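Geometric and topological summary
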Amino acid sequence: MQTSQSLLDQFFRQIARSIALGIGVIAAVVVPIELISFVLTNNTLLAIAAAISTTIGIGSGCTVFLLDRGQPLWQGILPFAVLIVVAEIMVALWLPELYVSAAPFIVVAILLASLINRRVFTISVLVICIVVTVVLLLISQPAPEAKIPAPMFSFLQASSLAALFVAVWIFLDRIIAAQMQALQIADQRADDAEAARQQTELARQEVERRASEQQRLLELVAVLELPILTIDDRVLLAPLVGNLDSRRADALRQRVLERLAELRAHTVIIDITGITVIDTAVAKALIDTATAIRLLGARTIISGIRPTVAQTLVHLNTGLHEITTAPNPEAALRLARPAVMI
């Protein structure tokens, strides 16, 4: 993507090239007419006018050539601006009767200097052009003889003003075109930003949806991992399967206590038939769970204890009196029923 500075430089180069090309075309039309008139009238002033027009044409051609070759903007503008000033001096010295109509043409040099986008340089060129114009107006005097024929005089005045009008029109037209293109680019970038914002919003909503779905799945996994079954209003059954580690033991305690407080059950059966190995930390967590259940006014029955688990519980030698055991869930339910019927 082009930067703003590169786009601005490209616009200014197009303006300078268009001005130089337009004035060059006018010079290419005027010079042959001046030469033909010189041949027909043998008026040396017409030869001078052709030389001045040729000078301006050379300057415009150099600018077009340099800009097309990719030279820096100031290098492309410099020969054209300098030759415009030289042409103004030639007009003041050799064609003073045309200077009043040709003097405004020096505005083209000021317009070209403004394209370099350096304020101090532009102001300096402006001051120099004003000083040169005033000085030339003061020193230029109409030649006593060899005046230009009236038709050619009018033609030269018209061509000079036409070149000035073309230069100003091209400058303003290109500036307006550049502004319109800048507005289009700004609108396009605004649309791109809005589209990006909408895409970001959609992506955020998708992330939130996936996060919500993931949270729901995690809650479902937690429920399936540690199911708490309600046998009746007074008995809860927690069948455990797989590996019981400290995390699952803590989650079991939390879920059992929540359900116990919610249903006000009297008995919690924890079936560990599907648990193969329980280490000391997990065994202690089970005992702590049983203690917490007793503090809520209920009792704990652990069913399906394997020999290795029994040895681990014996090694702890604490809290065992708070736990009732049963060989299987059916036996545990039989133990729980009398308590339910009380």
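All residue numbers refer to position in the chain's written sequence, counted from 1. Local features are withheld for residues below a pLDDT of 70 in this predicted model, meaning they are given only at 70 or higher, and side-chain atom pairs are given and counted only at 80 or more; totals for whole chains, interfaces and linings count all residues. With hydrogens and water set aside, each side-chain value is computed from the structure's full complement of heavy atoms.

Only DSSP runs of H or I covering at least 4 residues are called helices, and only runs of E covering at least 2 are called strands; the numbering of each starts at the N terminus. Looking only at helices and strands, one finds 11 helices and 5 strands in the chain. Based on C-alpha atoms, the radius of gyration is set beside the globule rule, defined as 2.2 Å times the residue count to the power 0.38. In summary, the chain has a C-alpha radius of gyration of 49 Å against a globular reference of 20 Å for 342 residues, an excess of more than 25%. Its C-alpha atoms give the chain principal-axis dimensions of roughly 140 × 35 × 30 Å. Buried, partly exposed and exposed residues are distinguished by accessible area as a fraction of the type maximum, computed with a 1.4 Å probe on protein chains only: under 20%, between the cut-offs, and over 50%, respectively. The burial tally for the chain puts 37% of its 342 residues in the buried class.

Moving on to the sheet that holds strand 4 (residues 299-303). Backbone-to-backbone hydrogen bonds pair the strands of a sheet. The strands run either parallel or antiparallel. Strand order in this open sheet of 5 strands is 1-2-3-4-5, and the pairing throughout is mixed. With one partner strand each, in any of the chains shown, strand 1 (229-232) and strand 5 (323-326) form the two edges of the open sheet. Looking at each pair of strands side by side, their axes are set apart by 25° on average, direction ignored. Two strands pair if DSSP finds at least two bridges between them. Sheet topology places strand 1 next to strand 2 (residues 235-242); 3 bridges connect them, and they run antiparallel. In the sheet register, Asp232 faces strand 2, and the bridge partner there is Val235. Any two residues whose heavy atoms approach within 4.5 Å at even a single point are treated as in contact. Axis lines are fitted through C-alpha atoms, for helices just across the contact stretch, and the angle between N-to-C directions can take any value from 0 to 180 degrees. Here helix 8 (residues 246-263) sits on the sheet in contact with strand 1, strand 2 and strand 3 (267-275), set at roughly 165° to strand 2.

You can see Arg13 is positioned in helix 1 (residues 4-41). Here Asp and Glu are counted as negative and Lys and Arg as positive; His is not counted, and neither are the chain ends. Put simply, a salt bridge is a Lys or Arg side-chain nitrogen that is within 4 Å of an Asp or Glu carboxyl oxygen. For the buried Arg13, no salt bridge is present, and the opposite-charge side chain at shortest range is Asp9, 4.5 Å distant. N or O atoms within 3.5 Å of each other form a polar contact, as long as, within protein, one can give a hydrogen and the other can take it, and as long as residues adjacent in sequence are counted only when both atoms are side-chain atoms. Polar contacts involving the side chain of Arg13 include one to the main-chain carbonyl oxygen of Leu67, which spans 2.9 Å.

Before going further, it helps to spend a moment on the UniProt feature "transmembrane region" (unreviewed entry) in the chain. UniProt positions are given in the numbering used here, feature names are shortened, and annotations may be inferred rather than shown by experiment. Within this structure's numbering, the places UniProt gives as "transmembrane region" (unreviewed entry) are residues 20-40, 46-66, 73-92, 98-116, 123-140 and 152-172. Measuring from the first to the last C-alpha atom of residues 20-40 gives 30 Å, for a span that is 100% helix and 0% strand. As annotated, residues 98-116 has a helix share of 63% and a strand share of 0%, and its two end C-alpha atoms lie 30 Å apart.

Our focus in this paragraph is the nonpolar core. By size, the foremost hydrophobic cluster in this structure holds 50 residues, and its most contacted members are Ile19, Val108, Leu112 and Leu115. Elements that contribute at least two residues to this core include exactly helix 1, helix 2 (44-68), helix 3 (73-94), helix 4 (99-102), helix 5 (107-114), helix 6 (119-139) and helix 7 (150-225). Broken down by element, this core gets its largest block of residues, 9 residues, from helix 3. Put simply, a nonpolar core is a bunch of buried Ala, Val, Leu, Ile, Met, Phe, Trp, Tyr and Cys residues held in one set by side-chain atoms that sit within 4.5 Å of each other. By size, the runner-up hydrophobic cluster in this structure holds 28 residues, among which are Ile228, Ala249, Val282 and Leu286.

What follows deals with the side chain of Glu88. Examined against the element boundaries, Glu88 turns out to sit in helix 3. When sequence neighbours within four positions are dropped, the list of residues in contact with Glu88 reads Tyr99, Ala102, Ala103, Phe105, Ile106 and Leu136.

In this scheme, a helix's expected span is set at 1.5 Å multiplied by one less than its residue total. Given a rise of 1.5 Å per residue, 25 residues ought to cover 36 Å, and the 36 Å separating the end C-alpha atoms of helix 2 matches this to within 8%. Residue Asn43 occupies the N-cap position of helix 2, its side-chain oxygen lying 2.9 Å from the main-chain nitrogen of Leu45. Directly after helix 2, the chain includes Gly70, whose backbone phi takes a positive value near 85°.

Turning to empty space enclosed by the protein, a few remarks are in order. The definitions used throughout rest on a 1 Å grid laid over the protein atoms alone, on which a cavity is an enclosed set of points accommodating a 1.4 Å probe that cannot get out and a pocket is an open set flanked by protein within 12 Å on both sides along at least five of seven lines; lining residues are those having an atom within 4 Å of a point. Grid points are joined across faces, edges and corners, and a volume is the space filled by probe spheres set on the points. Counted under the stated rule, the structure contains 1 cavity of 30 Å³ or more. By volume, the largest cavity is sized at about 320 Å³. Considering the residues around the largest cavity, the lining is formed by 20 residues, among which Ile52, Ser53, Ile56, Ser159 and Ser160 are closest to the centre. The set of elements that each furnish at least two residues to the lining of the largest cavity consists of helix 1, helix 2, helix 3 and helix 7. Here the element with the most residues in the lining of the largest cavity is helix 1; it accounts for 5 residues. For the lining of the largest cavity, the per-class residue count stands at 15 nonpolar, 3 polar and 2 charged. In this count, Pro and Cys sit with the nonpolar residues alongside Ala, Val, Leu, Ile, Met, Phe, Trp and Tyr, while Asp, Glu, Lys and Arg are called charged and the others, Gly among them, polar.

Approximately 240 Å³ is the volume found for the largest pocket. Taken together, 15 residues make up the lining of the largest pocket; nearest its centre are Leu78, Ala81, Val82, Phe121 and Val125. Sorting the residues of the lining of the largest pocket by element identifies helix 3, helix 5 and helix 6 as the ones contributing at least two each. Tallying contributions element by element places helix 3 first for the lining of the largest pocket, with 6 residues.

Now for helix 6. The first and last C-alpha atoms of helix 6 sit 30 Å apart over 21 residues, in line with the 30 Å expected at 1.5 Å per residue. Buried residues along helix 6 sit in contact with helix 3, helix 4 and helix 5.

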